Amino acid sequence: MASGACSHRDPMLKKRDDFEDMLEERRNSSDLRYALRCYNPVLYKGVTPCKANLLKSMVLQSDHIHYVINQVSKETRKAVVDVQEEVSAILEEMAHHLQISTVRFFAFTLSKIFKVLFRSICVNEEGIQRLQQAIQEHPVVLLPSHRSYMDFLLMSYILYTYDLALPVIAAGMDFMGMKFVGEMLRMSGAFFIRRSFGGDKLYWAVFSEYVKIIIKNGFAPVEFFLEGTRSRTCKSLTPKLGLLNIVMDPFLKGEVYDVNLVPVSISYERILEESLYARELLGVPKPKESTSGLFKARKVLSEDYGSIHVYFGQPVSVRSLVKGRVNRCQFSLEPRHIPRKPSEEIHSFVNDSAYRLVRAQEENMVLKPWVLLASLLLQDHHQKQAAGQKWGMALDELIEKAAWLRDVSRQYGAFLHWPDHMSPSEVVSSSLSLHRGLVRISEGRVQLALEQGGLVKPGSPHSTITPEEDVLNQAVIVLSCASYRNQALHVFLRPALLASAIHTAASNKKQEVYNSFSYLRNMFSNEFILCPGATVQDFEEACYLLVKTGALQVTQQEVVVTERGHRTLTFLTSMLDPFLQGYQVVCRFLCEEATEVLAEKQFIPAVRNFIIKHLLAGRLRYTEVLSSDLQKNCLAALLRLGAVQKVKGAEQGTLKVNKVMVNSLEDTLGGKLPTQKAAVARL
């Protein structure tokens, strides 16, 4: 049975599955009995689990590896036996060594930890049933969203609890460096891969063959993160295609009938790494993964992190994705074991599939009330700061705005977990209490607790905080709040792009608004998950949502803002404004401060110093433009658009800036084209 945290369902939850709190049983029964219980999951076509050593020998004996060994031997003039030893060493470093005794240890330990950290862990049981069926029918690939270190431990814990086959998990090599814990992770199903192995043909061959053999034989579900790394901003990252290419390959070559891809959405009410992420985005180095660091992190056990919702999405058949998109006959023209670079057709197909899967993750993310509150408090903070005011928002006003935004987000199809058995004031109070490290309430007013940033601690001996340090301190809180606001971006993104397009278009003619929308969408396609080739579809969706909610009237020729639509459009443009200003300020830096040739590694520190200078001078409204993620995405967009180019043959990571083009982009982003506000309809 579901606990109170999961059983009160609002209308929007009805179109998705029911949730069950899996911690409820853990609170009422023995953790030891749970860890030692009979565990007998059903595997693909009833195969028996493959021992780690047998899997390694299958890789070593494969035709593909023999072919690559001979190739590398010829190219490097090394003896075949020496190259074989290299392959064995790579496998030893990489391979998992799954042992049920270690899994039981984690099951016991994580039960204790999760009950302390979280109020509930809610899982959609229908999704679990679908997954159970999928594992028996075809090889399965699990694709969870990635917002926390907790993700892959949580996934294995859930599958063990529901008696499902445990996955083998692609993990970064940095985890292997953790004494004791690294080996424990290996023995619970992790296989370790290098963060980058570029042109290392041998490593790529061993890695891809290792994964393909698991897929072809259905030994276990394979789990990896499509985004490649944790999102420090809590918005989805551009998907990485390497592993997705590998897991689709056995189907494309006709070695399996189908492969099921299962997107999994993990939503945290409060993220464990909240302030750590903000510091990383401000240039504080990421702490190295270590066992001692893990034990130092035990203080988190005294905190309340609210609830987690885990939604297992509909399995996506690779066979159905391929239909009408890829001609598989091309794969029968040469032996399967000979490696070949994916064609443009395959690359385009895998890329489109990856975006579709990340969108599925986004759409099944459960949003908590705090996500809406963070959005409103950030906008209020920016407005008050621009006006030189410091007293925050009245609590009653926040409650009214939160109830309004709750209704708007539901109309936009948000998967919102708003407890309707509580009054709006109770919901708001509960959320503010859980996130008291980020907000301060005094005299009936709520504002961001900027003094709690703590990047540079005041009051320590001989310390005086410089204005620059004060800006960074405040930015920790602002970026932490922004990470929660970002969780709702996929809900509001397309209407927000349209709202900004209406604001910057030269008139309210539909074609001009569309052109402005298309420009902004293209500019931000490294920032947000915007599916390739779907500009018209996204424009139509944005129009539909804003017309449906009474904010716009759209005719064949015109896009007209209604009287009641101004509130909605003001909120939506404010949602996108920090990103617009961030891209503008990067362009301004490249025009004013950067030399025409710039070292890429100097880009982020130099931009940060430029932004701090402008923030202190009062020329920028948004502290969150200090985010290194935003700056990197802007650079990626400028490289894609050709305004910045990587210099070939020069020192690695050298950039050449086209200042005329960058200046033109900054002007367009700033709406310096002739603008006219959309006409107001007389209803």
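As the structure is a computational prediction, the values presented were derived from the model and not from experiment.

> Can you tell me about the overall build of the protein chain, naming the residues and giving the values?
Across its full length, the protein chain holds 27 helices and 17 strands. Taking 2.2 N^0.38 as the reference for a compact globule, 683 residues should give roughly 26 Å; the C-alpha atoms of the protein chain span a radius of gyration of 26 Å, in line with that estimate. Along the first, second and third principal axes, the C-alpha set of the protein chain runs to 75 × 65 × 65 Å. Across the 683 residues in the protein chain, those meeting the buried criterion constitute 56%.

> Quick rundown of the pairing of strand S5 (residues 190–193)? Include the residues and the values.
Every other side chain in a regular strand lies on the same face of the sheet, so the side chains alternate between the two faces. Residues Ala-190 and Phe-192 point to one face of S5 and Phe-191 and Ile-193 to the other, with burial holding for every one of them. Note that strand S4 (residues 168–172) and S5 share 4 bridges and pair parallel. Note on S5: the bridge partner recorded for Gly-172 is Ile-193.

> Describe the packing of aromatic side chains, with residues and values.
Considering all chains together, one arrives at 22 aromatic pairs under this definition. Ring centres of Trp-204 and Phe-207 lie 5.9 Å apart, and the angle between their planes is 65°; this geometry places the pair in the edge-to-face category. With Trp-204 and Phe-207 both in helix H11 (residues 201–217), this residue pair falls 3 residues apart, about one helical turn. Here Tyr-412 and Phe-492 contribute two aromatic rings whose centre-to-centre distance is 5.8 Å and whose plane-to-plane angle is 65°, an arrangement assigned as edge-to-face. Here Tyr-412 is found in the loop between helix H18 (395–411) and helix H19 (424–434), whereas its partner Phe-492 is found in helix H21 (residues 489–504), with 80 residues between them in sequence. Judged on exposure class, the residue Tyr-412 and its partner Phe-492 are both buried. Put simply, the rings of Tyr-34, Tyr-39, Phe-114, Phe-118, Tyr-157 and Tyr-160 touch in pairs and so form one group of aromatic residues. Directly above the aromatic system of Tyr-160 lies the positively charged group of Arg-37, at a separation of 4.6 Å from the ring centroid. One residue, Arg-567, lies across the ring of Trp-404, its end atom 4.3 Å from the ring centre.

> Now, about the sheet that holds strand S12 (residues 445–448): what can you tell me, with residues and values included?
Read across the open sheet, the 3 strands follow the order S10-S12-S11; overall the sheet is antiparallel. Lying at the two open borders of the sheet, with one neighbouring strand each, are strand S10 (393–394) and strand S11 (439–442). Two elements, S10 and S12, share 2 bridges in a ladder whose sense is antiparallel. When the bridges of S12 are listed, Ala-394 appears paired with Arg-445. Of the strands in this sheet, S10, S11 and S12 are in contact with helix H17 (residues 369–386), which crosses S12 at around 85°.

> Give me the lowdown on the packing of helix H22 (residues 510–523) against helix H23 (residues 535–548), citing residues and values where you can.
For the pair H22 and H23, the least separation of the axes is 10 Å and the interaxial angle reads 115°. Crossing geometry of H22 relative to H23 is assigned as right-handed. Residues Lys-510, Val-513, Tyr-514, Phe-517, Ser-518 and Arg-521 of H22 touch H23, and the partners they reach there are Thr-535, Val-536, Asp-538, Phe-539 and Ala-542. Here the residues of the contact of H22 with H23 are counted per class, giving 6 nonpolar, 2 polar and 3 charged.

> So what's going on with the sheet that holds strand S17 (residues 654–657)? Which residues, and what values?
With antiparallel pairing, 3 strands are arranged side by side in an open sheet as S15-S17-S16. The open sheet is flanked by strand S15 (597–599) and strand S16 (644–646), the only strands paired with a single partner. Within this sheet the neighbouring strands show an average axis-to-axis angle of 30°, counted without direction. Relative to S17, S15 runs antiparallel, the two being bridged by 3 bridges.

> Before we move on, can you summarise the pattern of salt bridges with the specific residues and values?
Scanning the model with the defined rule gives 37 salt bridges in all. Between Arg-26 and Asp-31 there is a salt bridge, with its nearest N and O atoms 3.2 Å apart. Grouping residues by exposure puts Arg-26 and Asp-31 together as buried. Ionic pairing is found between Asp-420 and Arg-410, a salt bridge with its closest N-O pair at 3.2 Å.

> For unusual backbone geometry, give the residues involved together with the corresponding values.
We note that Asp-163 has phi near 60°; this positive angle belongs to a residue other than glycine. Mapped onto the elements of the fold, Asp-163 is located in the loop between helix H9 (150–161) and S4. Phi is positive for Cys-234, which is not a glycine, with a value near 65°. Structurally, the position occupied by Cys-234 is in the loop between strand S6 (222–223) and helix H12 (242–252). The class for Cys-234 is buried, based on a relative accessible area of 3%.

> Describe the side chain of His-309, listing the residues and the values that go with them.
Relative to the elements of secondary structure, His-309 occurs in strand S8 (residues 307–312). Among the residues examined, His-309 registers a relative accessible area of 1% and is labelled buried. Separated by 3.3 Å, the side chains of His-309 and Lys-368 make a polar contact. Excluding anything up to four places from it in sequence, His-309 contacts Phe-19, Cys-122, Ser-265, Ile-266, Ser-267, Val-366, Lys-368 and His-417.

> For the packing of H22 against helix H27 (residues 659–669), give the residues involved together with the corresponding values.
Geometry of a packed helix pair, given as the angle between the helix axes and the separation of the axes. Where H22 meets H27, the closest approach of the two axes is 12 Å, and the angle between their N-to-C directions is 125°. With respect to H27, the element H22 is oriented oblique. Along this stretch, H22 crosses H27, giving a crossing that reads as left-handed. Between H22, through Tyr-519, Leu-520 and Met-523, and H27, the contact on the second element is made entirely by Leu-665, Thr-668 and Leu-669.

> Hey, could you go over the state of the cysteines for me, with residue numbers and the actual values?
Scanning the entire structure with this criterion turns up 0 disulfides. Not part of a disulfide, Cys-543 finds its nearest cysteine sulfur in Cys-531, a span of 18 Å. Look at Cys-543 and you get buried, because its relative accessible area is 8%. Free of any disulfide, Cys-634 has its nearest cysteine sulfur in Cys-587, 5.0 Å distant.

> Can you explain the environment of Tyr-412? Please cite residues and give values.
Accessibility expressed as a relative area gives 9% for Tyr-412, which makes it buried. Note: C-alpha distance between Tyr-412 and Glu-541 (129 residues apart in sequence) is 10.0 Å. Ignoring anything within four residues of it in the chain, the contact list for Tyr-412 reads Val-491, Phe-492, Pro-495, Leu-545, Leu-546, Thr-549, Thr-568 and Leu-572.

What counts, and where the lines are drawn
Throughout, a residue's number is its position along its own chain's written sequence, starting from 1. The predicted nature of this model means local features are confined to residues of pLDDT at least 70 and side-chain atom pairs, given and counted, to a pLDDT of 80 or more, with totals for whole chains, interfaces and linings taken over all residues. To get the side-chain values, take all heavy atoms of the structure and skip hydrogens and water. Only DSSP runs of H or I with at least four residues qualify as helices, and only runs of E with at least two residues qualify as strands; both kinds are numbered from the N terminus onward. Atoms considered for the radius of gyration are the C-alpha atoms alone. The globule rule reads 2.2 Å times the number of residues to the power 0.38. Summary of the burial criterion: residues with accessible area below 20% of their type's maximum are buried, those above 50% are exposed, and those between are partly exposed, where the area comes from a 1.4 Å probe applied to protein chains only. One requirement defines pairing of two strands: DSSP has to find at least two bridges between them. Working definition: rings of Phe, Tyr and Trp (its six-membered ring) pair if their centres are within 6.5 Å, and the pair is stacked with planes under 30 degrees apart, edge-to-face with planes over 60 apart, and tilted otherwise. In our convention, an over-ring charge means Lys NZ or Arg CZ found within 6 Å of a ring centre and within 35 degrees of that ring's normal. Residue contacts are defined here by distance: any two heavy atoms, one from each residue, within 4.5 Å place the two residues in contact. The angle between two axes is taken between their N-to-C directions and runs from 0 to 180 degrees, where each axis is a line fitted to C-alpha atoms and a helix contributes only its stretch in contact. Crossings are sorted by hand: turned counterclockwise from the far helix by less than a right angle, the near helix makes the crossing left-handed, and turned clockwise it makes it right-handed. Classes in brief: Ala, Val, Leu, Ile, Met, Phe, Trp, Tyr, Cys and Pro nonpolar; Asp, Glu, Lys and Arg charged; the others, Gly included, polar. Criterion for a salt bridge: a side-chain nitrogen of Lys or Arg within 4 Å of a carboxyl oxygen of Asp or Glu. Counted as a polar contact is a pair of N or O atoms within 3.5 Å, where, for protein atoms, one must be capable of donating a hydrogen and the other of accepting one, and residues adjacent in sequence contribute only when both atoms are in side chains. Geometric relationships in this document are graded by angle, where less than 35 degrees denotes roughly parallel, more than 145 denotes roughly antiparallel, 65 to 115 denotes roughly perpendicular, and other angles denote oblique. Two cysteine sulfurs form what is called a disulfide whenever their separation falls within 2.5 Å.

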